[in-house]
Amino acid sequence: MASLNVGNLGEYLREQRRNAQLSLRQLAEAAGVSNPYLSQIERGLRKPSAEVLQQVAKALRISAETLYVRAGILDAERDRDEVETRAVILADPSLNERQKQVLLQIYESFRKENGFGAGEPAGEDGAEQGTDTDDAGSRRTAG
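Source: prediction; values computed, not measured. (Residues numbered from 1 in each chain as written. Predicted model: local features only at pLDDT ≥ 70, side-chain atom pairs only at ≥ 80, totals over all residues. Heavy atoms only, no water.)

## Regarding unusual backbone geometry
The criterion, for reference: Put simply, DSSP H or I for four residues or longer makes a helix, DSSP E for two residues or longer makes a strand, and each gets a number counted from the N terminus. Residue exposure (1.4 Å probe, protein chains only): buried if accessible area is under 20% of the type maximum, exposed if over 50%, otherwise partly exposed.
Not every positive phi belongs to a glycine, and Gln21 is a case in point at roughly 55 degrees. Looking at where Gln21 falls in the secondary structure, it is placed in the loop between helix H1 (4-19) and helix H2 (24-31). A relative accessible area of 70% places Gln21 in the exposed class.

Put into structure tokens, the structure is as follows:
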């Protein structure tokens, strides 16, 4: 019997595949998995390994981490906001691939600057203490 997470994963994969305008067969070939196996994943009948999810994510040009969360491999509470933000950026059809990657790099640099890059915020309220940024985004010591 399929778990809820696997079903959600399958629905999400089907949606992403359709957004990418790929047939099931095309995605299976691009990801290096069999057509029947990918079909079973989409229908929630199989729970793929992290390696298969990574191959599928690469073929769809989406975040593997998003798929890991949906499959229950990563804790959904861990960095959920970051995962969702990345997924929204990667799914935006108005941006080309280069723009998506640049935007993700900028997003990650801001997260690191604010103390979130290592997983935990630097201060109790999530803000890095003792520093501030100017309008150009440069760091300076608060004082």
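More follows now that the structure is in view.
## So, helix H7 (residues 97-113)
Heads up, the condition is: Expected span of a helix, by definition, is 1.5 Å for each gap between consecutive residues, and there is one gap fewer than residues. Polar contact is defined as a pair of N or O atoms within 3.5 Å, subject to the rule that within protein one atom must be able to donate a hydrogen and the other to accept it, and that residues adjacent in sequence are counted only when both atoms are side-chain atoms.
Across its 17 residues, H7 extends 24 Å between first and last C-alpha, which sits within 8% of the 24 Å expected from 1.5 Å per residue. Those residues of H7 that sit buried are Lys100, Leu104, Tyr107, Glu108, Arg111 and Glu113. The backbone nitrogen of Arg98 lies 3.1 Å from a side-chain oxygen of the residue at the head of H7, namely Asn96. With its phi angle positive at about 90 degrees, Gly115 sits one or two positions after the end of H7.

## With respect to the packing of aromatic side chains
As a reminder of what qualifies: Here the aromatic set is Phe, Tyr and Trp, taking the six-membered ring for Trp, and pairing holds for ring centres within 6.5 Å; pairs whose planes are under 30 degrees apart are stacked, those over 60 apart are edge-to-face, and all others are tilted. Only Lys NZ and Arg CZ are tested; either one counts as a charge over a ring when it is within 6 Å of the ring centre and within 35 degrees of the ring normal.
Applying the stated criterion across every chain, the model contains 0 aromatic pairs. Above the ring of Tyr12, the side-chain terminus of Arg70 is found at 3.9 Å from the ring centroid.

## Remarks on the pattern of salt bridges
It is possible for side chains of opposite charge to pair when their charged atoms get near one another. Which entries qualify depends on this criterion: Any carboxyl oxygen of Asp or Glu that lies within 4 Å of a side-chain nitrogen of Lys or Arg is treated as forming a salt bridge with it.
Per the stated rule, a full pass over the model turns up 4 salt bridges. Between Arg17 and Glu42 there is a salt bridge; the shortest N-O distance is 2.6 Å. Residue Arg17 is located in helix H1, and its partner Glu42 is located in helix H3 (residues 35-42); the two are separated by 25 residues in the primary sequence. Each member of the pair, Arg17 together with Glu42, is buried. For the salt bridge of Lys100 with Glu97, the shortest nitrogen-to-oxygen distance reads 3.5 Å. Residue Lys100 and its partner Glu97 are located together in helix H7, separated by 3 residues, close to a single helical turn. On the accessibility criterion, Lys100 (7% relative accessible area) is buried.

## With respect to the nonpolar core
Test applied: Remark: nonpolar core denotes a set of buried residues (Ala, Val, Leu, Ile, Met, Phe, Trp, Tyr, Cys) joined through side-chain atoms within 4.5 Å. Here a residue-residue contact requires only that any non-hydrogen atoms of the pair lie within 4.5 Å.
Residues Leu9, Leu13, Val56 and Leu67 are the most contacted members of the largest nonpolar core, which totals 20 residues. Those elements giving two or more residues to this core turn out to be H1, H2, H3, helix H4 (50-60) and helix H5 (64-71). Counting residues per element, this core draws most heavily on H4, at 5 residues. Leave out the neighbours within four places in its chain, and Leu9 touches Ile41, Pro48, Leu53, Leu67, Arg70 and Ala71.

## Points about the environment of Gly10
Mapped onto the fold, Gly10 is located in helix H1. On the basis of relative accessible area, Gly10 is assigned to the buried category, the value being 0%. Along the sequence, Gly10 and Leu45 sit 35 residues apart, while their C-alpha atoms lie 8.6 Å from each other. Setting aside anything within four residues of it in sequence, one finds Gly10 in contact with Ile41 and Glu42.

## Regarding the environment of Arg46
Along the chain, Arg46 falls in the loop between H3 and H4. The sequence separation of Arg46 and Gly10 amounts to 36 residues, and the corresponding C-alpha distance is 8.9 Å. A distance of 2.9 Å separates the side chain of Arg46 from the side chain of Gln40, its partner in a polar contact.

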